[in-house]
Amino acid sequence: MKKIGILLVVAFFAFSCKKEVESKPEVVVKTPKHLTGEFANVKFDNEKDFYCGMDVSMGVSDTAHYKGKVYGFCAKVCKDEFLKTPEKYLAKK
Ligand SMILES: [Zn+2]
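None of the values given here were measured: they were computed from a predicted structure. (Residues numbered from 1 in each chain as written. Predicted model: local features only at pLDDT ≥ 70, side-chain atom pairs only at ≥ 80, totals over all residues. Heavy atoms only, no water.)

Trainee: Talk me through the environment of Cys 52; I want residue IDs and the actual numbers.
Mentor: As for its placement among the helices and strands, Cys 52 is situated in the loop between helix H2 (33-36) and strand E1 (62-66). Among residues more than four places away in sequence, those in contact with Cys 52 are Cys 74 and Cys 78. (Helix = DSSP H or I, 4+ residues; strand = E, 2+ residues; numbered from the N terminus. Contact = heavy atoms within 4.5 Å.)

Trainee: Describe in detail the coordination of the zinc ion, supporting the description with residues and values.
Mentor: A four-donor tetrahedral metal ideally has 109.5 degree angles, and a six-donor octahedral metal ideally has angles of 90 or 180 degrees. Only Asp 49 (OD), Cys 52 (SG), Cys 74 (SG) and Cys 78 (SG) from the protein coordinate the zinc ion, and they sit 2.0 to 2.3 Å from it. One way to put it: the four donor atoms around the zinc ion meet at angles of 101 to 122°, and that makes the site tetrahedral. Read in sequence order, the donor residues coordinating the zinc ion give the pattern D-x2-C-x21-C-x3-C. Remark: Cys 78 occurs in helix H3 (residues 76-84) and Cys 52 occurs in the loop between H2 and E1; sequence separation between them is 26 residues. Taking the relative accessible area as the measure of exposure, Cys 52 reaches 42% and is therefore partly exposed. On the basis of relative accessible area, Cys 78 is assigned to the buried category, the value being 6%. (Donors = N, O, S within 2.8 Å, 3.2 Å for Na, K, Ca; no water. Tetrahedral: all angles 85-135°; square planar, octahedral: opposite > 155°, others 65-115°. Buried < 20%, exposed > 50% of the residue type's maximum accessible area, 1.4 Å probe, protein only.)

As structure tokens, this is what we get:
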């Protein structure tokens, strides 16, 4: 009987462990745009969106070419803001 008890405990932990994994907060796995989209093979000269600070590796939906460099932005709004005063943002780098 003792063995069965141990087995039950083991089974319980195995089960509860599995359950824990399954009940983790939902993580929606999206393939970053830069890996699939039109900018898949583009190497950006900025690591972060100058305007909003978002990491460009998270996905880029717009790019700006400025003085021979290619900068990625998460949105057109960010690109437009950057292009208004690019020097200001580049100086911060
Ligand atoms: Zn942005």
